[in-house]
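# Breakdown of the fold
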Amino acid sequence: MKRRIFMLLLLVLLVGVLPAWNKMEKAAGEQEIVVIIKNNTVPFWISVADGARAAGEEFGYKVTIKTPVETAEGSGNEQQAQLVDEAIAKGVDSVVMTPVDSKAIIPVVARLKEANIPIINLNTRIADDTLYETFVGLENINQGYDTAKALFDGMGGKGKIFIIEGSTGAQTSIDRVKGVEKALTEYPEIEVIAQQSANYNRAEALNVVQNLLQAHPDVDAIFCCNDEMALGAAEAVDAAGKTGQIKISGQDANDDACEAIREGKIFVTSYGNPYMQGYTAVQAAVDVLEGKEVELFYEVKTKVVNIDNVDTFKD
Amino acid sequence: MSFKKQNSASLISHILILLAVIAVMAFLRPESFWTVNNLSTVILQQAPYTILMAFGMSLAILAKGIDISMASVMVLSCYLSAPFFKEGNWLLGVLIAFGVGIGFGICNGLLISKIRIEPFIATFSVDFVALGIAYVVCNGKYIYGFSNSFRWITNGELIPGIPNVALITIVVFLLLLFLTRYTIYGRELYSVGYNAVAAQHSGIRVDRMIISVYAINGSLAALTGILFLGRLNAADPSIRGTLTMDSIASALVGGIAFGGGKGSVVNTVIGALIIMFIRNGMNILGISTNWQQSVVGLIILLSTFYNLGIENVIKKIIALRSMDQKQPVQ
């Protein structure tokens, strides 16, 4: 009996003290910005997180990175919803949000708005633009367009290409392909002879490209919607003994792809500056919290990377 | 005797499915599909990985279990051993890869046999654990670029015309075929899968058997991982891809019964080739990759019905025959 009363008292004490402690921590000076991104397993998102943390340190805000465990659209969205609800319950000051699913996230983000927590949309647009203060990201259409142009110029303005798409429904892939299509209108002698998805996955791209090469051995170039797939395509082309003859383009400029550019296996890729994306998003959140005016769109510029600037593009 | 006949009839019927798939494709696209180059690419370069993984899956299913964790264990063993292969410290790389693979395999086996967790649940959880550790170890950094001498293990040709990966797969196939068909171990494996209680009563050490099966799976996963490093020239968690599902599909489509104790590794090879040729064929036809998922699913369903149908037909034939044979005696 005594023990029970003791436990009860302890519980009451804890419940009483916790919120106060929480407030004390905040009073100690830091406002908190929660950054919810797509995952923390891919180099790109790890750089985004690094950039966000750096901005937090620079401006004196506490930055917490949250990611769903699952990256598939359904379960990923569900987990992002939980992360948002946690943020609301904790009473954070601002949320930077990169939705896994641009549409399904809308009711979740609406809850943030109801709770008067300002939202900064990062990298992938939320389908309802009344919900967020500003959008920070690159224009995937432009990125696809610039890369495609560099690839087409490398082909001498004519020839046959494959387009290897990312996961079906992924906005990044849709927009990058739109960019390629835009470039195609300027290069009438370039023909798309096959277009398939390899789910942003290196191993899948290797098999898909190997199979496509059977049907179209006369292809001149392969446009891939990310570097992972470009690296898979490069191995398929290598296995067919056509390295250098078939030009490959990727997107993101990750370390492996840069290495492959030096080896001559990949022709061109594009740097999305993930670090700058994370940094700018937190900076925008700080501006909103400090009552400064923000623009509707902060475009993080991309850079075409090829053999000429592969060692210097990050400077 | 009837059991054996039934098995060989089921095998022949699955070879027919494979031939039908190839025939349809060869008819639709003779110029791209029906070429030595394409067939050898699929059989000798693409299929071995699925076949090796499906061997493990089949052994687990034969022992009335399943191994969901194989692909993640493969990724983890790949990741932990890749730095050593890159440095050229092959012995250590091989030891680590197989250590991780067999370690996780024994762990699966213990969970299933000693703690008596359902195989699906046990291996499903281990799948998360292994992949999680792989992500932590990798921390978003892929290991890229291996020496040509390492990649020779996969892509070299010890026998001209046959890449080493295919040669290794053939050797593993023969070993497993021998193990399951002609050894006491193999007979015991089938009895455990067919009826574990009866096997226990007849003196088979069921627990040991199950642990050993999952340990073999782990080592197959490690082997596939090493070969995959050579093919992809990178360690990358996404190589897990659809391998788990493809290997379950191969076992099912090849005609290995989910109830345990029925089928052989020959079925697995046939099943894996059916899956790989469907994927290859649809790429060549220019059909969206997303349809492949649905088609593979449909093929699994159809082959399940097909298995049931074939089994019934065979049973009837056997029943009729034995009646014929009995009548004169009566």
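Treat the numbers as computed from the prediction; the structure is a model and nothing was measured.

Thresholds, definitions, all that
Residues numbered from 1 in each chain as written. Chains lettered and ligands numbered in written order. Predicted model: local features only at pLDDT ≥ 70, side-chain atom pairs only at ≥ 80, totals over all residues. Heavy atoms only, no water. Contact = heavy atoms within 4.5 Å. Buried area = accessible area lost by both parts, 1.4 Å probe. Salt bridge = Lys/Arg side-chain N within 4 Å of Asp/Glu carboxyl O. Polar contact = N/O pair within 3.5 Å; in protein donor to acceptor, adjacent residues only side chain to side chain. Helix = DSSP H or I, 4+ residues; strand = E, 2+ residues; numbered from the N terminus. Axes fitted to C-alpha atoms, helices over the stretch in contact; angles between N-to-C directions. Parallel < 35°, antiparallel > 145°, perpendicular 65-115°, else oblique. Left-handed = near helix turned anticlockwise from the far one by under 90°. Nonpolar A, V, L, I, M, F, W, Y, C, P; charged D, E, K, R; others polar. Pairing = 2+ DSSP bridges. Buried < 20%, exposed > 50% of the residue type's maximum accessible area, 1.4 Å probe, protein only. Right-handed = clockwise from strand over helix to strand, strands pointing away.

### Section: the interface of chain B and chain A
Opposite the 35 residues of chain B that make contact, chain A presents 30 residues. Interface of chain B and chain A: buried area, both sides summed, is about 2600 Å²; carbon and sulfur atoms make up 45% of it. The largest contributions to the chain B side of the interface with chain A come from Tyr142, Tyr144 and Asn283 of chain B, which together make up 26% of the buried area. Connecting chain B to chain A are two salt bridges. Linking arginine 151 of chain B and glutamate 235 of chain A is a salt bridge whose minimum nitrogen-to-oxygen distance equals 2.7 Å. Linking chain B to chain A there are 15 residue pairs in polar contact (both at pLDDT 80 or more). Going through the elements one at a time, helix 2 (36-62), helix 5 (119-138), helix 10 (206-232), helix 12 (265-285) and helix 13 (289-329) of chain B are the ones with two or more residues in the side of chain B that touches chain A. No other element matches the six residues that helix 12 of chain B contributes to the side of chain B that touches chain A.

### Overview of the packing of helix 7 (residues 202-215) of chain A against helix 2 of chain B
Look at helix 7 of chain A against helix 2 of chain B: their axes get within 10 Å of each other, and the N-to-C directions meet at 165°. With respect to their mutual orientation, helix 7 of chain A and helix 2 of chain B come out roughly antiparallel. Considering only the axes of helix 7 of chain A and helix 2 of chain B, their crossing is right-handed. Residue-level inspection shows Asn207, Gln210, Asn211 and Gln214 of chain A of helix 7 of chain A in contact with helix 2 of chain B, the latter providing Asn37, Asn38, Thr41, Gln45 and Gln46 of chain B. Residue composition of the contact of helix 7 of chain A with helix 2 of chain B, grouped by class: no nonpolar, nine polar and no charged.

### Some points on the sheet that holds strand 9 (residues 247-249) of chain A
Residues and elements named next belong to chain A. The strand order across the open sheet formed by four strands is 7-6-8-9, and the pairing between neighbours is parallel. Each of the sheet's edge strands pairs with one partner strand only, and the pair in question is strand 7 (190-197) and strand 9. With direction set aside, neighbouring strand axes in the sheet form an average angle of 20°. Contacts from helix 6 (residues 171-186) reach strand 6 (159-165), strand 7 and strand 8 (221-224), with the element oriented near 165° to strand 6.

### Structural notes on the environment of isoleucine 68 of chain B
Residues and elements named next belong to chain B. Inspection of the secondary structure puts isoleucine 68 in the loop between helix 2 and helix 3 (70-87). Isoleucine 68 gets classed as buried once you look at its relative accessible area, which sits at 7%. In this structure the C-alpha to C-alpha distance between isoleucine 68 and tyrosine 49, which are 19 residues apart in sequence, comes to 16 Å. Among residues more than four places away in sequence, those in contact with isoleucine 68 are Phe120, Thr123, Phe124, Asp127, Thr244 and Ile248.

### Let's talk about the pairing of strand 2 (residues 62-66) of chain A
Residue and element names in this part refer to chain A. When strand 1 (residues 32-36) meets strand 2, the two strands line up parallel, connected through five bridges. Bridge pairing in strand 2 places isoleucine 33 opposite valine 63. Remark: the strand 1/helix 2 (residues 43-59)/strand 2 crossover connection has right-handed handedness.

### Thoughts on unusual backbone geometry
Unusually for a residue other than glycine, tyrosine 200 of chain A sits at a positive phi of about 55°. Residue arginine 116 of chain B is not a glycine yet carries a positive backbone phi of 60°.

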